[in-house]
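Fold and contact review
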Protein chains: 2
Amino acid sequence: MGEVVYSTVKLKPELRREIEELAEVYEAGELGGAADLSRITVLLCGPITGAELDAMNNLRFIQCVYAGVDSLPWSHIPADVTVASNVGSNADAVAEHAFALLLAAAKRITFFDQRVRSGNFEVVGESRMLHGRRICVLGLGAIGSRVAEIAKAFKMYVVGYGRSLRSGVTVDEFYPPDRISDALRGCDYAVIALPLTKHTRGLITYEKLCLMKREGILVNVGRAPIIVKEDLVRFLKENPSFIYANDVWWNIRSPSEDSDVYSLPNTLSTPWVAGAASSRETYEEMLRLAVENVVRYLRGERPLNIVRHEDYR
Amino acid sequence: MGEVVYSTVKLKPELRREIEELAEVYEAGELGGAADLSRITVLLCGPITGAELDAMNNLRFIQCVYAGVDSLPWSHIPADVTVASNVGSNADAVAEHAFALLLAAAKRITFFDQRVRSGNFEVVGESRMLHGRRICVLGLGAIGSRVAEIAKAFKMYVVGYGRSLRSGVTVDEFYPPDRISDALRGCDYAVIALPLTKHTRGLITYEKLCLMKREGILVNVGRAPIIVKEDLVRFLKENPSFIYANDVWWNIRSPSEDSDVYSLPNTLSTPWVAGAASSRETYEEMLRLAVENVVRYLRGERPLNIVRHEDYR
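Keep in mind the model is a prediction, meaning the values are calculated, not measured.

Glancing now at the overall build of chain A. Broken down by element type, chain A carries 11 helices and 12 strands. For 313 residues, the compact-globule estimate of 2.2 N^0.38 gives 20 Å, and chain A sits close to it at 21 Å. Principal-axis analysis of the C-alpha atoms places the extent of chain A at approximately 70 × 45 × 35 Å. Excluding contacts between residues fewer than 6 apart, the proportion of contacts in chain A whose partners are at least 24 apart in sequence is 59%. Element-wise, carbon and sulfur atoms account for 50% of the exposed surface of chain A, whose accessible area totals about 12,600 Å². Taking the average location of the 37 positive side-chain charges in chain A and that of its 40 negative ones, the two points are 5 Å from each other.

Have a look at this one:
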C-alpha cells in the first residue's frame, strides 16, 4: 500500500504534481470521515484539530507549513510520528520585519510621520543609533542568524544566545541556553527569534528585562509567550524610555485581551504579519519548501528540520 | 599675525582647547562688528548670513559643521576661500534612517501600528520584501556607500549611481552621472543620498520616476530639490502603490508649503531628523570631526572634504 498525503492547505497544481509522482494526494475538502482519514500517512499541515489528528491513525509524518510547530495539538501526536517544522522558509521576511520594527522604534518613524502629516515639523526628543550598540539575538536558527548578519552590517556589537552557532554566522559573544542573564545584561537592544518550546515559555521575566539598558528596545518576532506578559507590562510602565516592538501576540484570536500591551505608549505593533501573513511571495516560498521536504520523505530520504517531541510536550 | 578661528556654533571646552593650542578662538557672541569679523581667518560654520561673510574679509578657510554645504551663501564666498564639507560625519546615522524609512514603508509599520492601537488586527494588503529586490543608491559618498553595504546584507541587488565607487564598496552594477536613466530603470527601490549641487538640482523628473517599478519605494535622505516636486506629486497621484519615504523638504522653514507632498497617502515622512537634528550623539560626532579638520588646516595639512566652488554656483 502506497503513501497517502493529505494537505490541509490549498496547493498550486505544480506543487501537487510533484507529490503525485510519489503518492496519492488529497487537499482539504477532498477527504472526509474517519475511514478516509485513517488512510493518511503523510500530513502537510496548516491549522489542524486534535480530533482530526486522532482519526489519522496511520500517520507516519507531519510536515508543518509554518516555521513554528508550537501550535500543533501535541497531545494528539503519537511519539512515533515524525514531525518536521518549516524553519528557514520565512527567515528573510521575518528578519527584515525585525529590523523594520527596531529601526522604526529607534528613529521614531510612526511618531514623526503622524506629526508631519498634521503639519508639525518640530524636532523633539532623541533618536537612537544602531551603530555601536549592543544587541542580543535570542535564538540563532534561520531567522536569528539572518538578524545577526544584518546587525553586523549596521556595525552593531552582536551577542548571540542559542543552542549553537551556525557555520558562517559571526557574533561578538555567544551564550548557551543556561546563560540568558549573561546574554541580556547591558544590552541596548534584543530581538527574540526563538521557537516556543517548554524551555523558552516564560523565559523573559521582569528580572531578565531589568538586565537591559533602560533606554532599550526589545523586538519580538518569535512567539509572545516567551515573555511573561504581566512582567513586561510592569517593566514598560516603570521604564517609559524602553520600547517593546512586537509582531507576535499572546491572544491572536481575541487580540483585545492584549490591549494591556498595545495600548501602552512605549510599544510599536504589527498584527503578526512578519512571515507569510502579509506576503504572498513568502507564503508561496513556505509551501514550496514544505512540499520539497514531503518529497524528501516520500523518496525515503531523511527530511530536514525534524523537531524533538519532548521540546513541545 | 596668527590664525583667528570663529565658530558660529557652541563648542565643548575640550574641542575649543584643541583649536586654542593653534589659534585664537571665538564662539558665537564673543565677536561683533565689522572690525572684529575682519580678523577671522577660519570659520567653523553652522548657519551664517551673506552679510556676516562679507564682513569676514580675511577669511581663508570655511569648515562646514553639516555634511551638505548647499545652504552656504555661496555668492558671498570669494573663489580663493577653501571650503570643506563635513561629509561622513553623520553617514551611519543617515544610512540607518534611510533603512528605517525603506523598511517602514515596505512592511507598512505606521499603517499596522495605528490599526493595532485601535484593536484592529485584521491583516490586509501585501508587505514587500527587500531580499532579491533591485535598489538604486543615488550618490556613493559616505552615506550612499553605507546604504549600499547594508543593502547587500539584506541580499538586495544593488545598483550604484555616482561619480565613483569607493574602494571596499561593492555594487552589482555601477552607472556614472550621465547615466541616471540606466541606473533607475526597473528598480524596485531607490535611495537618494546625493549632495545638492547645480548638477543634481532637479535631477529626478517625472520621466525618471516612470523608469522605476510602479510598486516602488523612493527614499530621500539627500536634499529635496534634487526632485522636481510637481513631478513627484503628479507621479505619486498616478501611482498609488508607489511610496515616497522622505526626511528632507523643499520648504523646511514653512513646511506647510510642502503639504502637497506630505498629505498624500502614499508618503512616509520625518521632519529632517536623519542626521544631527534628533541625535545629540551624532551632532557631537559631527562637531568633533569638523574641529579635527580645522586643526588639520591650522597645522598646515590639507583638510579633508574640500568642495569645488563651481559645483555650487
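Still more to cover.
With 53 residues of chain A at the interface, the matching set in chain B holds 53 residues. Buried surface at the junction of chain A and chain B, both sides included, amounts to about 4,600 Å², of which 62% is carbon and sulfur. Connecting chain A to chain B are 24 residue pairs in polar contact (both at pLDDT 80 or more). Of all the elements in the fold, those that place two or more residues in the side of chain A that touches chain B are helix 4 (91-107), helix 5 (109-117), helix 6 (142-153), strand 12 (267-269) and helix 11 (280-298) of chain A. Counted by class, the side of chain A that touches chain B contains 26 nonpolar, 13 polar and 14 charged residues.

Bringing the relation of the copies chain A and chain B into the picture now. Each copy superposes on the other: chain A lies on chain B with an RMSD of 0.0 Å after a rotation of 180 degrees and an axial shift of 0.0 Å. Both copies of the chain, as the preceding transformation shows, are related through a two-fold rotation axis. Within chain A, the C-alpha atom positioned nearest to the axis of rotation is that of Thr110(A), 2.6 Å from it. Interface overlap between copies: 100% of the residues of chain A at the interface are likewise at the interface in chain B, consistent with a symmetric, same-surface contact.

Another point: the packing of aromatic side chains. Residues and elements named next belong to chain A. One pass over the full model with this rule turns up 23 aromatic pairs over all chains. An angle of 20 degrees between the planes, with centres 5.5 Å apart, marks the rings of phenylalanine 99 and phenylalanine 154 as stacked. In this pair, phenylalanine 99 is assigned in helix 4 and phenylalanine 154 in the loop between helix 6 and strand 7 (157-161), connecting sequence segments 55 residues apart. One exposure class covers both phenylalanine 99 and phenylalanine 154, and it is buried. Pairing tyrosine 244 with tryptophan 250 gives two aromatic rings, centres 6.4 Å apart and planes at 40 degrees, and the pair type is tilted. Judged by its relative accessible area of 0%, tyrosine 244 falls in the buried class.

A word on the pattern of salt bridges. Pairing between side chains of opposite charge can happen when the charged atoms of each approach one another. Residue and element names in this part refer to chain A. A complete count under the given rule lists 58 salt bridges over all chains for this structure. Of the charged contacts, one joins arginine 134 and glutamate 173 as a salt bridge, the two residues approaching to 3.0 Å between their closest N and O atoms. Linking arginine 134 in strand 6 (residues 134-138) with glutamate 173 in strand 8 (residues 173-175), this pair joins segments that are 39 residues apart in sequence. The class for arginine 134 is partly exposed, based on a relative accessible area of 21%. With its nearest N and O atoms 3.1 Å apart, the salt bridge here joins aspartate 260 to lysine 229. On the criterion of sequence distance, the pair formed by aspartate 260 in helix 10 (residues 259-262) and lysine 229 in helix 9 (residues 229-238) is long-range, its members being 31 residues apart. Judged by relative accessible area, which is 31%, aspartate 260 ranks as partly exposed. The buried category is assigned to lysine 229, whose relative accessible area is 9%. Through salt bridges with shared partners, one network takes in Lys10, Arg16, Glu20, Glu27 and Glu30.

Our focus in this paragraph is the pairing of strand 3 (residues 42-45) of chain A. All names here are of chain A. Neither face of strand 3 is open: one carries Val42 and Leu44, the other Leu43 and Cys45, and all of them are buried. Pairing between strand 1 (residues 4-7) and strand 3: three bridges, direction parallel. Opposite tyrosine 6, over in strand 3, you have leucine 43 as the bridge partner. Sheet analysis places strand 3 next to strand 4 (residues 61-64), joined by four bridges and oriented parallel. Bridging across to strand 4, valine 42 finds its partner in phenylalanine 61.

We now examine helix 4 (residues 91-106) of chain B. Over its 16 residues, helix 4 of chain B runs 22 Å from end to end, which matches the ideal 22 Å to within 8%, given 1.5 Å per residue. Among the 16 residues that make up helix 4 of chain B, 16 are buried, leaving the element largely enclosed by the rest of the structure.

Residue and element names in this part refer to chain B. If you trace the backbone, glutamate 257 turns up in the loop between strand 11 (243-246) and helix 10 (259-262). Not counting the four nearest positions on each side in its chain, glutamate 257 is found in contact with Lys229 and Asn251. A polar side-chain atom of glutamate 257 sits 2.7 Å from a polar atom in the side chain of serine 254.

All names here are of chain A. Judged by pairing direction, the sheet is parallel, and its seven strands sit side by side in the order 8-7-6-9-10-11-12 without closing on themselves. Each of the sheet's edge strands pairs with one partner strand only, and the pair in question is strand 8 and strand 12. Within the sheet, the average angular offset between the axes of one strand and its neighbour, ignoring direction, is 15 degrees. With respect to the sheet, helix 6 is in contact with strand 6, strand 7 and strand 9 (189-192), its orientation differing from that of strand 6 by roughly 165 degrees.

With that settled, the discussion passes to the domain arrangement of chain A. Residues and elements named next belong to chain A. Domains assigned within chain A are domain 1 (4-88 + 280-311) and domain 2 (91-269). In this structure, domain 1 and domain 2 have C-alpha centres spaced 32 Å apart. At the interface, seven residues of domain 1 touch nine residues of domain 2. Carbon and sulfur atoms make up 42% of the area that domain 1 and domain 2 hide from each other, which totals about 690 Å². Counting the surface domain 1 buries against domain 2, the share from its top three residues, Asp70, Gly88 and Asp311, is 64%. At the boundary of domain 1 and domain 2, one finds two salt bridges.

Residue and element names in this part refer to chain B. The strand order across the open sheet formed by five strands is 2-1-3-4-5, and the pairing between neighbours is parallel. On the outer flanks of this sheet lie strand 2 (24-27) and strand 5 (82-84), each paired with one strand and no other. Averaged over all adjacent pairs, the angle separating strand axes in this sheet is 15 degrees, with direction ignored. Contacting strand 1 (4-7) and strand 2, helix 1 (residues 13-20) runs over the sheet at an angle of about 145 degrees to strand 2.

This brings us to the pairing of strand 1 of chain B. Residue and element names in this part refer to chain B. Here strand 1 shows no split at all, with Val4 and Tyr6 on one side and Val5 and Ser7 on the other all buried. Relative to strand 2, strand 1 runs parallel, the two being bridged by four bridges. When the bridges of strand 2 are listed, valine 4 appears paired with glutamate 24. Taken together, strand 1, helix 1 and strand 2 form a β-α-β motif whose crossover is right-handed.

Cut-offs used in this document
Residues numbered from 1 in each chain as written. Chains lettered and ligands numbered in written order. Predicted model: local features only at pLDDT ≥ 70, side-chain atom pairs only at ≥ 80, totals over all residues. Heavy atoms only, no water. Helix = DSSP H or I, 4+ residues; strand = E, 2+ residues; numbered from the N terminus. Rg over C-alpha atoms; globule rule 2.2 N^0.38 Å. Contact = heavy atoms within 4.5 Å. Areas by Shrake-Rupley, 256 points an atom, 1.4 Å probe, with all protein chains shown as cover. Lys, Arg positive; Asp, Glu negative; His and termini not counted. Charge placed at Lys NZ, Arg CZ, Asp CG, Glu CD. Buried area = accessible area lost by both parts, 1.4 Å probe. Polar contact = N/O pair within 3.5 Å; in protein donor to acceptor, adjacent residues only side chain to side chain. Nonpolar A, V, L, I, M, F, W, Y, C, P; charged D, E, K, R; others polar. Least-squares fit on C-alpha atoms with pLDDT ≥ 70 in both. Phe/Tyr/Trp six-rings, centres within 6.5 Å; stacked < 30°, edge-to-face > 60°. Buried < 20%, exposed > 50% of the residue type's maximum accessible area, 1.4 Å probe, protein only. Salt bridge = Lys/Arg side-chain N within 4 Å of Asp/Glu carboxyl O. Pairing = 2+ DSSP bridges. Expected span 1.5 Å × (residues − 1). Axes fitted to C-alpha atoms, helices over the stretch in contact; angles between N-to-C directions. Domains from an automatic or database assignment. Right-handed = clockwise from strand over helix to strand, strands pointing away.

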